[in-house]
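Observations on chain architecture
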Amino acid sequence: MDTTYAQLLDGKNLAKRIQTQLQEQIKPLPAKIGRPPGLAVVMVGDNPASATYVRNKERACAKVGIASFGRHFPANTSQAELEEAIAILNQDQRVDGILLQLPLPEHLDSVSLLHQIHPDKDVDGLHPMNLGKLLRGETGLRSCTPAGVMRLLEEYQIDLQGKSAVVVGRSILVGKPLALMLLEANATVTIAHSRSQNLPDLTRSADILIAAVGRPQMITADMVKPSAVVIDVGINRVTDSSGKFRLVGDVHFDSVREVAQSITPVPGGVGPMTVTMLLQNTVLSYATTNSLSLP
Ligand SMILES: NC(=O)c1ccc[n+]([C@@H]2O[C@H](COP(=O)([O-])OP(=O)(O)OC[C@H]3O[C@@H](n4cnc5c(N)ncnc54)[C@H](OP(=O)(O)O)[C@@H]3O)[C@@H](O)[C@H]2O)c1
């Protein structure tokens, strides 16, 4: 019997289309407003993964017409110096969005720094004001990765209403805000974490299964309900048998694609959507500051 494979939820392609739309939207605005939208990515130290993410974000900005005001600080920068830098960016009228690239070196208090970012420029949606708005179901800047997952589900017309959604992972960056967004879309939501008992029983109950754990390929086919929609947020660097690095998700893609109805690949699934939501949030913040109503 032929094996049937799950439908691929192609984040790369969708991200490309949204970025083209953003580019068209942005094109006439600098002439009208006097400046393009601006994003400042603040990076501290030389974490190679962070450096790659920052480069990708700045490249994506350049492509759609967003100006970058990135600041790269040495690893030994003090809390006070970063607070000062964020205060300056908060006041800078060319900057619509500020993103603090995480993780930070250990001597720094990232939560306190995230609180310093003005909520209107908090394009990563991590300020308590924006997280509070999400909790209340009010509009506001939404965390990019969860927003990207929701946009992908919407694109593929995945029905969430009344469906069982299980989110594995409860970080403030992904799991918690995503669970709230799924709840807002009327899914019945379960959040699993490292202390959850009988994880395979929980994951097998999911119509929509989201893995945001950071453990390579931990979700295997026996943990997935046949015909589930599987969203793999994980990005893990592993070494293959030839000694080369490659990226894998938290889902064992090759076995799960034989069981699931739909699945996101890694790379090319959630990752490109995260960057795109960052661009979209920057444009949203620019539009709000300049009282523009964009389509
Ligand atoms: N695609 C993207 O754009 C994107 C964006 C952000 C992150 N990511 C990736 O997504 C993954 C998760 O990121 P994160 O920032 O949310 O990570 P995190 O802050 O480390 O959180 C991981 C979560 O997984 C839970 N967990 C750990 N081991 C588990 C286990 N054996 N069973 C069940 N739950 C377990 C943890 O539970 P406890 O709370 O109990 O410790 C925690 O809630 C990482 O691979 C990261 O690289 C991707």
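We now turn to the structure provided with this report. (Residues numbered from 1 in each chain as written. Predicted model: local features only at pLDDT ≥ 70, side-chain atom pairs only at ≥ 80, totals over all residues. Heavy atoms only, no water.)

**A short note on the pattern of salt bridges**
To be explicit about the condition: We define a salt bridge as a contact between a side-chain nitrogen of Lys or Arg and a carboxyl oxygen of Asp or Glu at a distance within 4 Å. Secondary structure elements follow DSSP: runs of H or I of four or more residues count as helices, runs of E of two or more count as strands, with numbering from the N terminus. Burial classes: relative accessible area under 20% of the type maximum marks a residue as buried, over 50% as exposed, and values in between as partly exposed (1.4 Å probe, protein chains only).
Per the stated rule, a full pass over the model turns up 10 salt bridges. The salt bridge partner of Arg 142 is Glu 184, with a shortest N-O separation of 3.1 Å. With Arg 142 in the loop between helix H6 (128-136) and helix H7 (144-155) and Glu 184 in helix H8 (residues 175-184), this residue pair connects regions lying 42 residues apart in the sequence. Accessibility expressed as a relative area gives 37% for Glu 184, which makes it partly exposed. Residue Arg 151 is joined to Glu 155 by a salt bridge in which the shortest nitrogen-to-oxygen separation is 3.1 Å. Remark: Glu 155 and Arg 151 occur in helix H7; sequence separation between them is four residues, near one turn of the helix. Classification of Arg 151 as partly exposed rests on a relative accessible area of 21%. Through salt bridges that share partners, Arg 17, Arg 151 and Glu 155 make up one connected network.

**Things to note about the site of the ligand**
As a reminder, the rule being used: Distances are taken per atom, and a residue is near a molecule or strand as soon as one of its heavy atoms is within 4 Å of it. Definition of a polar contact: a pair of N or O atoms within 3.5 Å, with one able to donate and the other able to accept a hydrogen when the atoms are protein atoms, and with sequence-neighbouring residues admitted only if both atoms are side-chain atoms. Every accessible area reported is derived by Shrake-Rupley at a probe size of 1.4 Å, with residue values counting cover from the shown protein chains alone. Gly falls in the polar group here, along with every residue not listed as nonpolar (Ala, Val, Leu, Ile, Met, Phe, Trp, Tyr, Cys, Pro) or charged (Asp, Glu, Lys, Arg).
If you check the shell around the ligand, you find 22 residues, and the closest are Arg 170, Ser 171, Ser 194, Val 233 and Thr 274. Between the ligand and the protein, one listed contact pairs an oxygen atom with a side-chain N or O atom of Ser 171 at 2.5 Å. A distance of 2.7 Å is found between an oxygen atom of the ligand and a side-chain nitrogen or oxygen belonging to Thr 274. The protein chains hide 71% of the 930 Å² of surface that the ligand would expose on its own. Looking at the shell around the ligand, the element that brings in the most residues is helix H11 (residues 270-289), giving three residues. Partitioned by chemical class, the residues of the shell around the ligand number 10 nonpolar, 10 polar and two charged.

**Some thoughts on the packing of helix H3 (residues 48-64) against H11**
Let me state the cut-off plainly: Axis angles are defined between N-to-C directions and span 0 to 180 degrees, where every axis is a line fitted to C-alpha atoms and, for a helix, only to the segment in contact. Orientation categories follow fixed angle ranges, with anything under 35 degrees roughly parallel, anything over 145 roughly antiparallel, 65 to 115 roughly perpendicular, and all other angles oblique. Left-handed describes a crossing whose near helix is turned anticlockwise from the far helix through less than a right angle; right-handed describes the clockwise counterpart. Residues are treated as being in contact if the distance between any of their heavy atoms lies within 4.5 Å.
In the contact formed by H3 and H11, the axes pass within 10 Å of each other and the chain directions differ by 55°. Here H3 lies oblique to H11, going by the angle between them. Where H3 crosses over H11, the two elements pack in a sense that is right-handed. In contact with Lys 57, Ala 60, Cys 61 and Val 64 of H3, H11 contributes Val 275, Leu 278 and Leu 279. For the contact of H3 with H11, the residue count by class is six nonpolar, no polar and one charged.

**So, the side chain of Asp 122**
The test is simple: The charged-residue count follows a simple rule in which Lys and Arg add positive charge and Asp and Glu add negative charge, with His and chain termini not counted at all.
Relative to the helices and strands, Asp 122 resides in the loop between helix H5 (110-116) and H6. Although Asp 122 lies buried, it forms no salt bridge, and the closest oppositely charged side chain, Lys 133, sits 9.4 Å away as judged by the N-O distance. A polar atom in the side chain of Asp 122 sits 2.8 Å from the backbone nitrogen of His 127.

Without other data, these values stay purely geometric and don't point to any function.
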